[in-house]
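# A structural walkthrough
Below are the chains, spelled out letter by letter.
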Amino acid sequence: MKKYAVEKSPEQWKEVLSPTQYEVLREKGTERAFTGEYYDNHEVGTYACAGCGAELFRSDAKYDSGCGWPSFFQPKDAAMVEEHSDVSHGMRRTEVLCAQCGGHLGHVFDDGPAPTGLRYCINSASLRFVHRDDMEAGGYGAYLPQVKERA
Ligand code: FE
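Report on the accompanying structure. Note that the coordinates shown come from a computational prediction; the quantities given were computed from them, not determined experimentally.

### Considerations on the sheet that holds strand β6 (residues 93-98)
Backbone-to-backbone hydrogen bonds join strands into a sheet, with any given pair of strands oriented parallel or antiparallel. Ordered by their spatial adjacency, six strands build an open sheet running β3-β4-β8-β7-β6-β5, and the pairing between neighbours is antiparallel. At either margin of the open sheet sits one strand with a lone partner, and together these are β3 (62-63) and β5 (81-86). Alignment of β3 against strand β4 (residues 71-72), held across two bridges, turns out to be antiparallel. In the sheet register, K62 faces β4, and the bridge partner there is F72.

Put into structure tokens, the structure is as follows:
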């Protein structure tokens, strides 16, 4: 098993994640389309991992794909995510994980818009949105305790 910078036991993850966050991030669950907190969020800011707080996606790469999940054409930094081949559920897909904690985020498809042509289809439950105003006020680092508190 690969070692991640942030590792916790299932019991420890359950202490800091809601049941839905745990199911998605740690058990590769998928929230139902159009039910998540962020698919229709148009605020400016950044999307961090709900598990470990790593900054994963920025609002300037978010677009309306119509698929019912938050969609981005690129991660904030390619090094922040891992992509694994996923042949579960009778489909051949590419799973996207947080590179810092190994949490399941969603999948990436090749039907996205320019400039990348990619659609990172990400569960809202995997993400914690940080509004631009909050980033300026406290810096993103100051937000990390809130990530835990809110979870
Ligand atoms: Fe993470």
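### Focus: helix α2 (residues 19-27)
Inspection of α2 places Q21, Y22, V24 and L25 among the buried residues, and these make up the whole buried set. For α2, the elements touching its buried residues are α1 (10-16), β1 (45-49), β7 (104-109) and β9 (127-131).

### What to know about the packing of aromatic side chains
All chains considered together, the criterion is met by seven aromatic pairs. Here the aromatic rings of Y47 and F129 are separated by 4.8 Å at their centres, their planes lie at 50 degrees, and the arrangement is tilted. One end of the pair, Y47, is in strand β1; the other, F129, is in strand β9, and 82 residues separate them in sequence. Of the two residues, Y47 and F129, neither departs from the other in class, the shared state being buried. With centroids separated by 4.4 Å and ring planes inclined at 20 degrees, the aromatic side chains of F57 and F72 adopt a geometry described as stacked. A residue pair is termed long-range when its members are at least 10 positions apart, and F57 in strand β2 (residues 55-58) and F72 in strand β4 qualify at 15 residues. Its guanidinium or amino end placed over the ring of W13, K8 lies 5.5 Å from that ring's centre, counting from NZ or CZ.

### Regarding the layout of surface pockets
Roughly 270 Å³ of volume is contained in the largest pocket. Lining the largest pocket are 15 residues, with M1, Y4, R26, C101 and G102 sitting closest to its centre. Its residues assigned to classes, the lining of the largest pocket comprises six nonpolar, three polar and six charged.

### Describing the pattern of salt bridges
The final tally for this structure, using the stated rule, is seven salt bridges. Note that E95 and K28 form a salt bridge whose closest N and O atoms lie 2.8 Å from each other. Residue E95 is located in strand β6, and its partner K28 is located in the loop between α2 and β1; the two are separated by 67 residues in the primary sequence. Among the ionic contacts, a cluster of salt bridges with common partners joins E55, R58 and K76.

Criteria and cut-off values
Residues numbered from 1 in each chain as written. Predicted model: local features only at pLDDT ≥ 70, side-chain atom pairs only at ≥ 80, totals over all residues. Heavy atoms only, no water. Pairing = 2+ DSSP bridges. Helix = DSSP H or I, 4+ residues; strand = E, 2+ residues; numbered from the N terminus. Buried < 20%, exposed > 50% of the residue type's maximum accessible area, 1.4 Å probe, protein only. Contact = heavy atoms within 4.5 Å. Phe/Tyr/Trp six-rings, centres within 6.5 Å; stacked < 30°, edge-to-face > 60°. Lys NZ or Arg CZ within 6 Å of the ring centre and 35° of its normal. 1 Å grid on protein atoms, 1.4 Å probe; cavity = no way out; pocket = protein on both sides within 12 Å on 5 of 7 lines; lining within 4 Å. Points joined across faces, edges and corners; volume = space filled by probe spheres on them. Nonpolar A, V, L, I, M, F, W, Y, C, P; charged D, E, K, R; others polar. Salt bridge = Lys/Arg side-chain N within 4 Å of Asp/Glu carboxyl O.

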